[in-house]
Amino acid sequence: MSAATTRSRTARTPVPDRLCAEAVDLARAAAEEAAAPGVVGEHVGVVSEGDRVVTHYFESKEPGYRGWRWAVTVARASRAKNVTLDETVLLPGADALLAPEWVPWSERLRPGDLGPGDLLPTEAEDLRLEPGWTGEDEPPPNSVVSEELAELVESEDAELTDRPVAATSRGSIASVAEELGTRRARVLSRYGLYEAADRWDEAFGPKTPMAQAAPATCVSCAFLIPMAGSLKQAFGVCANEFGPADGHVVSLAYGCGGHSEAAVMPKPPQPAPHALDTMRVDEYALRPERDGGSVPSEPDGASEDLGHS
């Protein structure tokens, strides 16, 4: 026999063992024992797993498991006629209805999911945070280490300048840290700062449809409240109660129709004051003048000739 013929036979799927393939009743009894009553359906196929090892597949009628199949593997020993049970398991088929891939809670969390009483833990190595200044790593003011460090600093400063070096109290360092907001266990890192800036710029930034149609930007709006720190160069807080971003952090390049200077309403017209002249006296005649009417007071000559009186 050639080597090519040998390789072709070994690569083919082995023919199912006859006795194992005929053990359908044994496989069905094992599937019905593992499943609930009435959920094992018709026998749908037999697959050879190896020498004298066969898997029987049965349709599953379990609600919510569309396309799944009960797989019962049976086997027999060499030269033995008794078929024994190997394992029973429920497996998905080609068109099975599967559950979505599991996602960690940290990736499933969305803005607004945190409710009253909920706790949102942060990882110890969170990239958005970094250690703050607490003063715990500094030696006490009266310790020998602190005095040696102070003397070393004074000697180095004396070599660099001739001016007297003013003693710096440690309380001033704490006050500066308190003023800058860094006297906490952890503070916002540069990565966390950039991540927040990108998120705010996406929600209320210059590329939004509202900003594209706005008559002016927020940098010139009176309703913009400046922020502290480095973020004040790019962001502020909107204080226009009628604007779409009221109470939100907005980019200085953002804008809306509620800009304070975009459409200023004109002042209502003021009527002219009533003019009353009390210095001049107007004379009014009690009777009309004789020649002031349309009918003459004395008849003309033509009317007498015609016999009119």
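The rules behind each value
Residues numbered from 1 in each chain as written. Predicted model: local features only at pLDDT ≥ 70, side-chain atom pairs only at ≥ 80, totals over all residues. Heavy atoms only, no water. Helix = DSSP H or I, 4+ residues; strand = E, 2+ residues; numbered from the N terminus. Expected span 1.5 Å × (residues − 1). Buried < 20%, exposed > 50% of the residue type's maximum accessible area, 1.4 Å probe, protein only. Arc of directions from axis to C-beta. Contact = heavy atoms within 4.5 Å. Disulfide = S-S within 2.5 Å. Phe/Tyr/Trp six-rings, centres within 6.5 Å; stacked < 30°, edge-to-face > 60°. Lys NZ or Arg CZ within 6 Å of the ring centre and 35° of its normal.

Naming follows an unreviewed UniProt entry, where the protein chain appears as DUF3027 domain-containing protein of Streptomyces durocortorensis.

### Here we look at helix α7 (residues 190-203)
For α7, with 14 residues, the first-to-last C-alpha span of 20 Å sits near the 20 Å given by 1.5 Å per residue. Among the residues of α7, Gly192, Ala196 and Ala197 are the ones counted as buried. Looking straight down α7, one finds that the buried residues subtend no more than 135 degrees of arc, so they occupy a single side. Exposed side of α7, more than 90 degrees from the buried face: Arg190, Asp198 and Glu202 are the residues found there. Packing partners of the buried residues in α7 comprise β6 (186-188) and β8 (235-238).

### Topic: the state of the cysteines
On inspection of all chains with the given rule, the structure shows 0 disulfides. Of the cysteine sulfurs around Cys238, a residue in no disulfide, the closest is that of Cys256, at 5.9 Å. The exposure class of Cys256 is buried, given its relative accessible area of 12%.

### What about the environment of Ala36?
With respect to the secondary-structure elements, Ala36 resides in the loop between α3 (24-34) and β1 (40-50). Note: C-alpha distance between Ala36 and Glu62 (26 residues apart in sequence) is 8.3 Å.

### A few points about the packing of aromatic side chains
If you walk through the whole model with that rule in mind, you get 3 aromatic pairs. Relative to Phe235, the ring of Trp200 lies with its centre 5.8 Å away and its plane at 80 degrees, an arrangement referred to as edge-to-face. Highlighted residues: Trp200 in helix α7 and Phe235 in strand β8, separated in sequence by 35 residues. According to the relative accessible area criterion, Trp200 is partly exposed, its value standing at 24%. Ring centres of Phe204 and Tyr254 lie 5.6 Å apart, and the angle between their planes is 85 degrees; this geometry places the pair in the edge-to-face category. Of this pair, Phe204 sits in the loop between α7 and α8 (209-212) while Tyr254 sits in the loop between β9 (249-251) and α9 (301-305), placing them 50 residues apart in sequence. If you follow Arg69 out to its NZ or CZ, it ends over the ring of Tyr57, 4.3 Å from the centre.

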